[in-house]
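# Architecture at a glance
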Amino acid sequence: LGKKAREGTLEPEDLTGGTFTVSNLGPFKVDLFIPVINPPETAILALGQIKKKPVVVGDEIVIRYMMMASCAVDHRVLDGAPAGQFLAALKDTLENPFFLKI
């Protein structure tokens, strides 16, 4: 599918059968948006732009790269708590990529 996407030859039937979508509007300078689940999928992750922001680290204000992320889930299929756990794990992974197990 990756090759077909790069070549611009994806067909609508190539884009069916998924259960989770990742939507990235960061390249359009969007910070945060509310994603809509694409039925019959069960969840969608929305990623905003990465930009420098002042944050508190210890007792100091420092500049860090930050990104907003949100996750919408179909509560008929999945409770919101696992979605929160997923976002927490995603945050930890992005903040500590050296701990990735590949």
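Anyway, here's the lowdown on the structure attached to this text. Values in this document were obtained by computation on a predicted structure and should not be read as measured data.

### Remarks on a nonpolar patch on the surface
Where nonpolar side chains cluster on the molecular surface, the patch consists of Leu-1, Leu-10 and Leu-15 and spans about 310 Å² of accessible area. Structurally, Leu-15 can be placed in the loop between helix H1 (2–7) and strand S1 (20–24).

### Side note on the pairing of strand S2 (residues 43–57)
Working note: regular strand, side chains alternate between the two faces of the sheet. With five bridges connecting them, S1 and S2 associate as parallel partners. Residue pairing in the sheet places Phe-20 in a bridge with Ala-43 of S2. Summarising the sheet, S2 and strand S3 (residues 60–73) pair through 13 bridges and their orientation is antiparallel. Among the inter-strand pairings, Val-56 is bridged to a residue of S3, identified as Ile-61. Counted along the chain from S2 to the antiparallel partner S3, the turn is two residues long, and its residue Gly-58 has a positive phi close to 65 degrees.

### Here we look at the pattern of salt bridges
Scanning all chains against the criterion turns up four salt bridges. Asp-74 is the salt-bridge partner of Arg-76, the closest N and O atoms lying 2.8 Å from each other. For Arg-76, a relative accessible area of 77% puts it in the exposed group. A salt bridge links Lys-91 to Glu-95; the shortest N-O distance between them is 3.1 Å. Of this pair, Lys-91 and Glu-95 both sit in helix H2 (residues 80–95), four residues apart, which is roughly one turn of that helix.

### Quick word on the sheet that holds S3
Read across the sheet, three strands follow the order S1-S2-S3 without closing on themselves; strand pairing throughout is mixed. Each having just a single partner strand, S1 and S3 make up the two edges of the open sheet. Pairwise comparison of adjacent strand axes, ignoring direction, gives a mean angle of 30 degrees for this sheet. Most of the contacts of H2 go to S3, to which it runs at about 145 degrees, and overall it touches S1, S2 and S3.

### Considerations on the environment of Leu-100
Along the chain, the position of Leu-100 falls in the segment after H2. Each C-alpha atom of the pair Leu-100 and Thr-42 lies 26 Å from the other, and the pair is 58 residues apart in sequence.

### Some words on the environment of Met-68
Examined against the element boundaries, Met-68 turns out to sit in strand S3. In sequence terms Met-68 and Leu-94 are 26 residues apart; their C-alpha atoms lie 12 Å from each other. What Met-68 contacts, discounting residues up to four positions off in sequence, is Asp-31, Leu-32, Ala-46, Leu-47, Gly-48 and Gln-49.

Cut-offs applied
Residues numbered from 1 in each chain as written. Predicted model: local features only at pLDDT ≥ 70, side-chain atom pairs only at ≥ 80, totals over all residues. Heavy atoms only, no water. Patch = residues over 30% accessible without salt bridge, like charges linked within 9 Å, V, L, I, M, F, W, Y side chains within 5 Å. Areas by Shrake-Rupley, 256 points an atom, 1.4 Å probe, with all protein chains shown as cover. Salt bridge = Lys/Arg side-chain N within 4 Å of Asp/Glu carboxyl O. Helix = DSSP H or I, 4+ residues; strand = E, 2+ residues; numbered from the N terminus. Pairing = 2+ DSSP bridges. Buried < 20%, exposed > 50% of the residue type's maximum accessible area, 1.4 Å probe, protein only. Axes fitted to C-alpha atoms, helices over the stretch in contact; angles between N-to-C directions. Contact = heavy atoms within 4.5 Å.

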